[in-house]
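Each chain, written out:
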Amino acid sequence: MKMLAARLYGKRDLRTGEIEVPSINENEVLLKVKSAAVCGTDIRMYKNSYAGIDEAHPRTLCHEFSGVIEKAGNCAQGFGEGMRVSVAPNIGCGICNRCVRGDFHLCNKFTAFGINMDGAFAQYVVVPEKAVRQGNLMEMPKGVTFDDAAINEALSCAYNGFLKCDIKPGESVLVVGAGPIGIMHAKLALMAGAGKVFMNDLSSERLDACRQIDERIITYHGDSLKEFVMDNTDEGLDVCITACPSPEVQQAALGLMDYGGRINFFGGLPKNKENVSINTNIIHYKQLIVTGSTRANIAHFRQTLKFISEGILDVSDLVTAKFELKDIHIAFEMAENAVGLKNVIQM
Ligand SMILES: [Zn+2]
Ligand SMILES: [Zn+2]
């Protein structure tokens, strides 16, 4: 049986075509993909290619997806054909100390759908036995759509950063970077009862979109971010999250904080810009906590799915364009040019 798949063969070489539906062994699960979201990581892989990918070894991208079980192997007890499921994409070795404490996403030997194994820009995807046994595969809770479950992956990563910031009711929070991840951070802060949630971005259109999504978000577009923060807070921010790849923003964040403030460097920096000079005396005298976070573990993933299912966090408004798999190039072009928020392939 044939299926349609979009595979990366190298830099900017994404080809959509028919290939065999993968066969599974008795312990694997075959998933019929329903929704597959385009992420910044897909775009980076598309622009730069990735280790192990070449003409002879193409890879199906996509790590943000959901679907229906087509065939459940022996290890998938409790899962049945036709069940709506969500998949946390990072699969750990299961043996190292980080895996044992549940941080599969920090495992040195981790594999991930759409990164170093085939992902879900295809009609079918194989879920390996290890992923089933470790809890990566889960039934979608009630009230969660296929699109919600797909973009929940990005939300779970934002949630990992959110937990580092310990946001308390009434606190002031600034998110720099108004892409889908930045808006997810703002939504989490509002859910946690933040008093004021500010967003800043180079693009005024993106900031307009944020206000349309939630009118409680206070946006600032201009050159005097510090003045703006000081005018609108008591003595600076309680929390600042940098959801953008900018060394300047990381540097400036320290100067915006109130005593005891927490900073999360959520967005990584480009390879040649990673050395940033910061005034550590501000951290010292203001007793700041500077944190980082990357990816998410399965517990984060299940927790954010619960937020959606309980109706306390809505992500449906982040899906701004839907495509068929055959039109994936348009979705990639939109994502690369930061048009709209989340681009989703529906199957
Ligand atoms: Zn992603
Ligand atoms: Zn491990």
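All figures in this text were calculated on a predicted structure; none of them were measured in a lab.

### Here we look at the overall build of the protein
Right, on to step 1. Counting its regular elements, the protein contains 11 helices and 18 strands.
Right, on to step 2. Relative to the globule expectation of 20 Å for 347 residues, the C-alpha radius of gyration of the protein, 20 Å, shows essentially globular dimensions.
Right, on to step 3. In terms of overall dimensions, the protein has C-alpha extents of about 65 × 35 × 35 Å along its principal axes.
Right, on to step 4. The 347 residues of the protein split such that 46% are buried.
Right, on to step 5. Of the contacts formed within the protein by residues at least 6 apart in sequence, a portion of 70% connects residues at least 24 apart.

### A short note on the environment of Val229
Right, on to step 1. As for its placement among the helices and strands, Val229 is situated in helix α7 (residues 225–232).
Right, on to step 2. Along the chain, Val229 and Ala122 lie 107 residues apart, while their C-alpha atoms are 45 Å from each other.
Right, on to step 3. Those residues in contact with Val229 that sit more than four places away from it in its chain are Leu174, Gly236, Leu237 and Leu256.

### Some details on unusual backbone geometry
Right, on to step 1. Even without being glycine, Cys62 reaches a positive phi, approximately 100°.
Right, on to step 2. Within the element layout of this structure, Cys62 appears in the loop between β4 (59–60) and β5 (64–72).
Right, on to step 3. A positive phi angle, near 55°, is found at Ala338, a position not held by glycine.
Right, on to step 4. Topologically, Ala338 is positioned in the loop between α11 (328–336) and β18 (342–346).
Right, on to step 5. Note on Ala338: 16 C-beta atoms within 10 Å, which makes it partly exposed.

### Examining the domain arrangement of the protein
Right, on to step 1. Structurally, the protein comprises domain 1 (2–140 + 315–346) and domain 2 (158–292).
Right, on to step 2. Using only C-alpha atoms to locate each centre, domain 1 and domain 2 end up separated by 30 Å.
Right, on to step 3. In this assembly, 5 residues from domain 1 lie in contact with 5 residues from domain 2.
Right, on to step 4. Along the lines of polarity and charge, the residues of the side of domain 1 that touches domain 2 split into 3 nonpolar, no polar and 2 charged.

### Quick word on the nonpolar core
Right, on to step 1. Membership of the largest hydrophobic core comes to 100 residues, with the highest contact counts inside it found for Phe121 and Val173.
Right, on to step 2. The element contributing the most residues to this core is helix α4 (residues 146–165), with 11 residues.
Right, on to step 3. Taken domain by domain, the makeup of this core includes at least three residues from each of domain 1 (2–140 + 315–346) and domain 2 (158–292).
Right, on to step 4. Beyond its immediate sequence surroundings of up to four residues, Phe121 is in contact with Ala5, Ala6, Ala36, Thr60, Leu61, Cys62, Leu325, Ile328 and Ile345.

### So, the environment of Ile263
Right, on to step 1. Structurally, Ile263 can be placed in strand β15 (residues 257–265).
Right, on to step 2. Its 24 C-beta neighbours within 10 Å are what place Ile263 among the buried residues.
Right, on to step 3. Sequence separation between Ile263 and Cys240 is 23 residues, and the spatial gap between their C-alpha atoms is 4.8 Å.
Right, on to step 4. In contact with Ile263, not counting residues within four places along its chain, are Cys240, Ala253, Met257, Leu288, Val290 and Thr291.

### Concerning the sheet that holds strand β2 (residues 13–20)
Right, on to step 1. Strand order in this open sheet of 3 strands is β2-β1-β4, and the pairing throughout is antiparallel. In the strand order of this sheet, the two ends are held by β2 and β4, each with one partner.
Right, on to step 2. One ladder, built from 2 bridges, connects strand β1 (residues 2–10) with β4; its direction is antiparallel. When the sheet's bridge partners are listed, Leu8 is paired in β4 with Arg59.

### Let's talk about the packing of α4 against helix α10 (residues 298–309)
Right, on to step 1. Running from N to C, α4 and α10 cross one another at 115°; their axes reach a closest spacing of 8 Å. Note that α4 runs across α10; the crossing there is right-handed. Residues Asp148, Ala149, Asn152, Glu153, Leu155, Ser156, Tyr159 and Asn160 of α4 touch α10, and the partners they reach there are His300, Phe301, Gln303, Thr304, Leu305 and Ile308.
Right, on to step 2. In the contact of α4 with α10, the residues fall into 6 nonpolar, 6 polar and 2 charged.

### Section: helix α8 (residues 247–254)
Since the α-helix advances by 3.6 residues per turn, residues separated by three or four positions end up pointing in the same direction.
Right, on to step 1. Buried residues of α8: Val249, Gln250 and Ala253, and no others. Seen from one end, α8 has its buried residues packed into an arc of 100°, which puts them on one side.
Right, on to step 2. Against the buried residues of α8 lie β11 (172–176), β14 (237–242) and β15.

### Side note on the pairing of β1
Right, on to step 1. Sheet topology note: the β1/β2 ladder contains 8 bridges and is antiparallel. The partner of Leu4 across the bridge, within β2, is Glu18.
Right, on to step 2. From the end of β1 to the start of β2, which pair antiparallel, there are 2 residues, and Arg12 there has a positive phi angle of about 50°.

### Brief notes about α10
Right, on to step 1. For α10, with 12 residues, the first-to-last C-alpha span of 16 Å sits near the 16 Å given by 1.5 Å per residue.
Right, on to step 2. By the burial criterion, the buried members of α10 are Ile298, His300, Phe301, Thr304, Leu305, Phe307 and Ile308.
Right, on to step 3. Of the surrounding elements, those touching the buried residues of α10 are β6 (84–87), α4 and α5 (180–191).
Right, on to step 4. In the stretch just after α10, Gly311 is the one whose phi turns positive, near 75°.

### Some remarks on the environment of Leu254
Right, on to step 1. You can see Leu254 is positioned in helix α8.
Right, on to step 2. Exposure remark for Leu254: the 19 C-beta atoms within 10 Å place this residue in the partly exposed category.
Right, on to step 3. As a C-alpha pair, Leu254 and Lys47 span 207 residues in sequence and 32 Å in three-dimensional space.
Right, on to step 4. Setting aside its immediate chain neighbours within four residues, Leu254 contacts Ile278, Asn279, Ile282, Ile283 and Leu288.

Calculation criteria
- Residues numbered from 1 in each chain as written.
- Chains lettered and ligands numbered in written order.
- Predicted model: local features only at pLDDT ≥ 70, side-chain atom pairs only at ≥ 80, totals over all residues.
- Helix = DSSP H or I, 4+ residues; strand = E, 2+ residues; numbered from the N terminus.
- Rg over C-alpha atoms; globule rule 2.2 N^0.38 Å.
- Buried ≥ 20, exposed ≤ 12 C-beta atoms within 10 Å, placed from the backbone.
- Contact = placed C-beta atoms within 7 Å.
- Domains from an automatic or database assignment.
- Nonpolar A, V, L, I, M, F, W, Y, C, P; charged D, E, K, R; others polar.
- Core = buried A, V, L, I, M, F, W, Y, C linked by C-beta atoms within 7 Å.
- Pairing = 2+ DSSP bridges.
- Axes fitted to C-alpha atoms, helices over the stretch in contact; angles between N-to-C directions.
- Left-handed = near helix turned anticlockwise from the far one by under 90°.
- Arc of directions from axis to C-beta.
- Expected span 1.5 Å × (residues − 1).

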